[in-house]
Amino acid sequence: MDYIQLNHDNIENEHICCGFSDKKCANSYQAKKQWMSQQFEQGFVFQRLDERAKVFIEYQAAEQAWLPIVAPQYLALGCFWVSGKYKKQGHGKALLAKALGAAKENNKLGLVTVVGKKKYHFMSDTKWLIRQGFVVVDEAPNGFLLLAYQFPNSADEQNPRFADSVLKADLSNAQRGCLVYYSNRCPFAEYHVLESLQQSCVKRNIPLSIVKLDSVEKAQNCPCPQTIFSLYYQGQFITTDISACMDSRFDKFITP
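The structure displayed is predicted, hence computed values, not measured ones.

Novice: Explain the environment of Tyr59 to me, using residue names and the numbers behind them.
Specialist: Position of Tyr59 among the secondary structure elements: in strand β3 (residues 55–61). Between the C-alpha atoms of Tyr59 and Thr113, which are 54 residues apart in sequence, the distance is 9.4 Å. Residues in contact with Tyr59, not counting those within four places in the same chain, are Gly43, Phe44, Val45, Gln47, Leu75, Ala76, Leu77, Gly78, Lys98, Ala99 and Ala102. Polar side-chain contacts of Tyr59 include one of 3.5 Å to the side chain of Gln47.

In structure tokens:
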């Protein structure tokens, strides 16, 4: 199994897995590449199978990760995906082993990642990660969990946790209509928020507030743990599924 790591030298010519199948998201796809290029300077790692496939893992130091967590001396996983015919071939374990190896080489205390109690869209498989040795170290509203794979040297350290922005989230100013948080961490998010979701809300006469997480500071202080895409309606969390933006799917998630 051959894997490659993207960097400043090859990112223009290499695909980033999940974006190559949707041509209408081309600008959003480039926005993800630009985001990645900026994050390389902050130790961001993107490794994928050397095939035209959706098989990849992302990670970086938790202190620089675009997640509202407090996990000093850990590496934080971003997107971690093995899709289609490539499932059950050992790619998930192989990619996770690379992240664990990087954590050990850099004297980290382990890995952390944000997931859902049940499988949430655009988030890793909770049950699979727990089978690999991850444990729940914190829980947030709306069914979000913080998992950690902890090395023996982490025993006396403080457990990773969600940031106060999550645990003390106040969405009282978002009681009318839809509210969405998104970032360029995903090659689908910008297109579907600015095009599909806007059109869906206009069609239904639903007010829409958009918060783009365009800096690590904003992401780390987001009230929702999922900083790729999180949709709220009348102040209540709805979904992390970007397909909810589309007119054909919107009413399955939100009924005015």
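Anyway, onward from the coordinates.
Novice: Kindly report on helix α1 (residues 26–40), identifying the contributing residues and their values.
Specialist: Taking 1.5 Å of rise per residue, 15 residues should cover 21 Å, and α1 covers 21 Å from first to last C-alpha, within 8% of that figure. Contacts from the buried residues of α1 go to β2 (45–49), β3 and α5 (189–203).

Novice: A description of the packing of aromatic side chains should follow, citing residues and the corresponding values.
Specialist: Given two aromatic rings, their pairing is described by the distance between the two centres and the angle made by the two planes. In this structure the tally under the stated criterion is 13 aromatic pairs. Measuring from centroid to centroid gives 5.1 Å for Trp35 and Phe44, while their planes differ by 75 degrees, and the two rings are edge-to-face. According to the relative accessible area criterion, Trp35 is buried, its value standing at 4%. The exposure class of Phe44 is buried, given its relative accessible area of 5%. On the numbers, 5.3 Å between centres and 65 degrees between planes, the contact of Phe144 with Phe237 is edge-to-face. Note that Phe144 is positioned in strand β8 (residues 144–150) and Phe237 in strand β13 (residues 236–239), a separation of 93 residues in sequence.

Novice: Can you break down the nonpolar core residue by residue, with the values?
Specialist: In this structure, Leu6, Met36, Phe46, Cys178, Phe229 and Leu231 are the most contacted members of the largest nonpolar core, which totals 36 residues. Within the residue set of this core, elements represented by two or more residues are α1, β10 (178–182), α5 and β12 (229–233). In this structure Phe46 touches Ile4, Gln5, Leu6, Ile16, Cys17, Met36, Phe56, Ile57 and Glu58, once residues within four positions along its chain are discounted. Among the nonpolar cores identified, the runner-up in size contains 27 residues, and Tyr120, Phe144, Ala148 and Tyr181 belong to it.

Procedures and definitions
- Residues numbered from 1 in each chain as written.
- Predicted model: local features only at pLDDT ≥ 70, side-chain atom pairs only at ≥ 80, totals over all residues.
- Heavy atoms only, no water.
- Helix = DSSP H or I, 4+ residues; strand = E, 2+ residues; numbered from the N terminus.
- Contact = heavy atoms within 4.5 Å.
- Polar contact = N/O pair within 3.5 Å; in protein donor to acceptor, adjacent residues only side chain to side chain.
- Expected span 1.5 Å × (residues − 1).
- Phe/Tyr/Trp six-rings, centres within 6.5 Å; stacked < 30°, edge-to-face > 60°.
- Buried < 20%, exposed > 50% of the residue type's maximum accessible area, 1.4 Å probe, protein only.
- Core = buried A, V, L, I, M, F, W, Y, C linked by side-chain atoms within 4.5 Å.

In short, geometric facts, not functional conclusions.
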